Structure formats: C-alpha cells, structure tokens
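Descriptive analysis of the structure
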Amino acid sequence: MVKTRNLFILLLLLCIACHHASSNKQDVMRKHKFKQIDIKLNGLAKKLGTTVATSGGGASFDGVTVPEDKLEMRRIVWIDGSIGKAIIITQNFDNGNIDSPDWDFQNFAWLKDGSSSEKGSPFWQKFLLRKARFEKMDSSIDQLLQQSLENLNAIKKTDLGYDH
C-alpha cells in the first residue's frame, strides 16, 4: 500500500512537472468523450488562472507502461500561497481491463515551498470518486467541482502530512 501510494505520488509530481497538453490526433478523438467535462474544467481553470492538462506519462499497468493512446486524464493545477493544489481525473486500471477502465476523481494538495525529507513533500489527498464509471463522473461533474473547490480552499499547511 505504501509502495503504491509512493509510486502514485511520484507519478503525480512527474505529471505536474510536465504540466502541458499535447495536441496529437489521438487527443482530438479522446476529447469527444470529455466534451461536457472539458467545458466545465476549462471554465474553472480560467477562473483559477491556469489551464487544463490532458496528457501525462509514466503510468504502468502490471509493470508495463500504458500506451499513450490508452491513457486519459485531466488535471487542473494551481498554486495558492505555499500550497500547490490540484483536481485530478485519472483512469483506474485496478479492474484489470485496460480497455474499460474505471475512473478516479481526486483532490490533491502539497507543500510547494520548503525542503522535502526522505518521505517527500507533505501532502493531502481526497478521492471524491474511486473506481467509478465514466458516466457517473460525467453526470455529477458540477457537484464534484464544487466539492473540490470547497475542499481545496479549506486546506491549510497544518492539513498536510505524510500519511493520507
């Protein structure tokens, strides 16, 4: 469990460091599925002064790198004082089927400034949806984004730690 969490955190930090959207043909095809969600995410990102990232890398499934054409995600990342904050939508391949993934909708915060220890940077995370069907996320996007803003606006440095 700790190893999986550490790998997830490492993947997240890598994705954040690579915070950019790719514009290849496969992205255009995948965006159709996210059409309504992307409208909401882009509106929120604009209000927060940032953009929506739609690509990343480094994810693996049973030790095998997931092909880029199978990897879908959405991230809004912004900095609030000394705390980094993110709303993250990622595929969850725990169901064992790379062609029919479930989805996670997560709020994440981390200490942006200061030095990190051997444990990494202190963080906070909360899953609003875990291993959910895409349709559930799509139909409740307004409530998920509202709850995300409430959660992340309430985060303080004292909420960040290493065991979440």
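Residues numbered from 1 in each chain as written. Predicted model: local features only at pLDDT ≥ 70, side-chain atom pairs only at ≥ 80, totals over all residues. Heavy atoms only, no water.

**Re the confidence of the model for the chain**
Here the chain shows a mean pLDDT of 81. Residues at 70 or above account for 71%. Per-element averaging of pLDDT across the chain places helix H1 (residues 2-17) at the bottom with 52 and helix H5 (residues 141-153) at the top with 98. In this model, residues 18-23 is a region of pLDDT below 50 whose contacts with residues beyond four sequence positions or in other chains number 13 contacts. (pLDDT = per-residue confidence, 0-100. Helix = DSSP H or I, 4+ residues; strand = E, 2+ residues; numbered from the N terminus. Contact = heavy atoms within 4.5 Å.)

**Focus on the pattern of salt bridges**
All chains considered together, the criterion is met by seven salt bridges. Note that Asp80 and Lys85 form a salt bridge whose closest N and O atoms lie 2.8 Å from each other. Among the residues examined, Lys85 registers a relative accessible area of 1% and is labelled buried. (Salt bridge = Lys/Arg side-chain N within 4 Å of Asp/Glu carboxyl O. Buried < 20%, exposed > 50% of the residue type's maximum accessible area, 1.4 Å probe, protein only.)

**So, the sheet that holds strand S5 (residues 83-92)**
Read from one edge to the other, the open sheet built from five strands follows the order S1-S4-S5-S6-S7, with strand pairing classed as antiparallel. Since the sheet does not close on itself, it has two edges, and those belong to strand S1 (52-53) and strand S7 (123-132), each with one partner. This element, helix H3 (residues 35-48), spans S1, strand S4 (73-80) and S5 of the sheet and lies at about 15 degrees to S4. Relative to strand S6 (residues 102-111), H5 is tilted by about 20 degrees, and along the sheet it contacts S4, S5, S6 and S7. (Pairing = 2+ DSSP bridges. Axes fitted to C-alpha atoms, helices over the stretch in contact; angles between N-to-C directions.)

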